[in-house]
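This is what each chain is made of:
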Amino acid sequence: LYDLLPIMPPEAPGIDQKQLGKAPAEYRNGHWVLLKGWEVARFTESQLATHLASGANLGLRTARFPCVDIDCDHDAPAAAIRARVVALLGPAPCRHRVNSPRTALLFRTDAPFKKIALPFTLPDGSKHKVEILCDGQQVVVAGRHKSGATLEWDAEPFAGLLPELNEALARDALAALRSELAQNFGA
C-alpha cells in the first residue's frame, strides 16, 4: 500500500483535460482536488477504498517500481519497442488498453533514478516517446483512460519477482531502442 495513490477519474468536472485520469487527487466534500505532496502522501487501505468507490483510478509511485512507458500510437513500432524492452530487460507485467498500442511495463529497483526519456519522430511526422518513469513519477495501474477504455494487464499471470532495473540498464536500453527505431522505422 505504501506506494499506491488515488488518481483523478477521467471525467472529473472543472479539471484541466491533461490531468483527467492521470493526476494524483483526493475526493473531498463532493469534488476532486489535486493532491499536493503526492510524492510523500500515504494512504490506508480504507482511504484508498473510499477514493476508488468515488470513481478514482489507482496509481503507483515509480521510485521503487520503475515503469517503461511506451507512448507510441503506431502498432508496429510500439510492438517492436515492447519486444525489445522485454529482450533487453526481461519479461515484466504489462498494462495496456484495447484502443491503443501504448503500454507500460513494471520493474523494481533499490536505487531510484530520475525519469529518462527517448523522444522520436516517425517519417510521417508523428511524435512519440519512450519514458522510463522512476523517482518523482507515478503511473496509473488500474481504472479507466479518458477515452473510456479500461486499463488492463496481460492475461498471463506474472510469477516471480519483477525484473530489476537500474539507471545504467535503463540508459543502455534506450540507446538500443534509439538505434532500432532509426534502423527499422526511420525514426
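All of the points below concern the structure found in this document. Note that the structure is predicted; figures quoted are calculated from it, not measured.

## Let's talk about the sheet that holds strand β9 (residues 127-133)
Sheet architecture is open: 6 strands sit in the order β8-β9-β5-β7-β6-β11, paired in antiparallel fashion. Edge positions in the open sheet fall to β8 (116-121) and β11 (152-153), since each of these has one partner strand only. Pairing of strand β6 (residues 94-97) with strand β7 (residues 100-106), which is carried by 4 bridges, proceeds in the antiparallel orientation. Across the sheet, the residue bridging to Arg 97 is Ser 100, located in β7. Most of the contacts of helix α3 (residues 167-185) go to β8, to which it runs at about 5 degrees, and overall it touches β8 and β9.

## Side note on unusual backbone geometry
We note that Asn 29 has phi near 50 degrees; this positive angle belongs to a residue other than glycine. By secondary structure assignment, the location of Asn 29 is in the loop between β2 (25-28) and β3 (31-34).

## Brief notes about the pattern of salt bridges
In the structure shown here, the tally under the stated rule is 13 salt bridges. With a closest N to O distance of 2.6 Å, Arg 64 and Asp 3 form a salt bridge. Taken together, the residues Arg 64 in the loop between β4 (57-61) and β5 (67-71) and Asp 3 in the segment before β1 (4-7) connect sequence positions 61 residues apart. With a closest N to O distance of 2.7 Å, Glu 26 and Arg 28 form a salt bridge. By relative accessible area, Glu 26 is classed as buried at 18%.

## Looking at the side chain of Arg 61
By secondary structure assignment, the location of Arg 61 is in strand β4. A polar contact is formed between the side chain of Arg 61 and the backbone oxygen of Ala 41, at a distance of 2.8 Å. Here Arg 61 is in contact with Tyr 2, Asp 3, Leu 4, Leu 5, Trp 38, Glu 39, Val 40, Ala 41, Arg 42, Gln 137 and Gln 138, once residues within four sequence places are set aside.

## Remarks on the sheet that holds β4
Spatially, β1-β4-β10 is the arrangement adopted by the 3 strands of the open sheet, whose pairing is antiparallel. Lying at the two open borders of the sheet, with one neighbouring strand each, are β1 and β10 (138-142). For this sheet, the mean inter-axis angle between neighbouring strands, taken without regard to orientation, is 40 degrees. Inspection of the sheet shows β1 paired to β4 by 4 bridges, in the antiparallel sense. Looking across to β4, one finds that Leu 5 is bridged to Gly 59. Here helix α1 (residues 45-53) sits on the sheet in contact with β1 and β4, set at roughly 25 degrees to β1.

## Remarks on the packing of aromatic side chains
Going through the model one piece at a time under the given rule, you end up with 1 aromatic pair. Consider the rings of Tyr 27 and Trp 32, whose centres lie 5.0 Å apart with planes at 55 degrees: the pair is tilted. For Tyr 27, a relative accessible area of 34% puts it in the partly exposed group. Looking at Arg 61, its charged tip hangs above the ring of Tyr 2, at a distance of 6.0 Å from the centre.

## Section: the pairing of β5
Taking burial as the measure, the 5 residues of β5 include 5 buried ones, the bulk of the element. Where burial is concerned, the two faces of β5 agree: the one with Cys 67, Asp 69 and Asp 71 and the one with Val 68 and Ile 70 are both buried. Looking at chain direction, β5 and β7 are connected through 4 bridges and run antiparallel. Across the sheet, the residue bridging to Val 68 is Leu 105, located in β7. Pairing of β5 with β9 involves 5 bridges; the strand directions are antiparallel. Residue pairing across strands places Ile 70 opposite Val 130, the latter belonging to β9.

What counts as what
Residues numbered from 1 in each chain as written. Predicted model: local features only at pLDDT ≥ 70, side-chain atom pairs only at ≥ 80, totals over all residues. Heavy atoms only, no water. Pairing = 2+ DSSP bridges. Helix = DSSP H or I, 4+ residues; strand = E, 2+ residues; numbered from the N terminus. Contact = heavy atoms within 4.5 Å. Axes fitted to C-alpha atoms, helices over the stretch in contact; angles between N-to-C directions. Salt bridge = Lys/Arg side-chain N within 4 Å of Asp/Glu carboxyl O. Buried < 20%, exposed > 50% of the residue type's maximum accessible area, 1.4 Å probe, protein only. Polar contact = N/O pair within 3.5 Å; in protein donor to acceptor, adjacent residues only side chain to side chain. Phe/Tyr/Trp six-rings, centres within 6.5 Å; stacked < 30°, edge-to-face > 60°. Lys NZ or Arg CZ within 6 Å of the ring centre and 35° of its normal.

Limitation: the analysis is restricted to geometry and does not speak to function.
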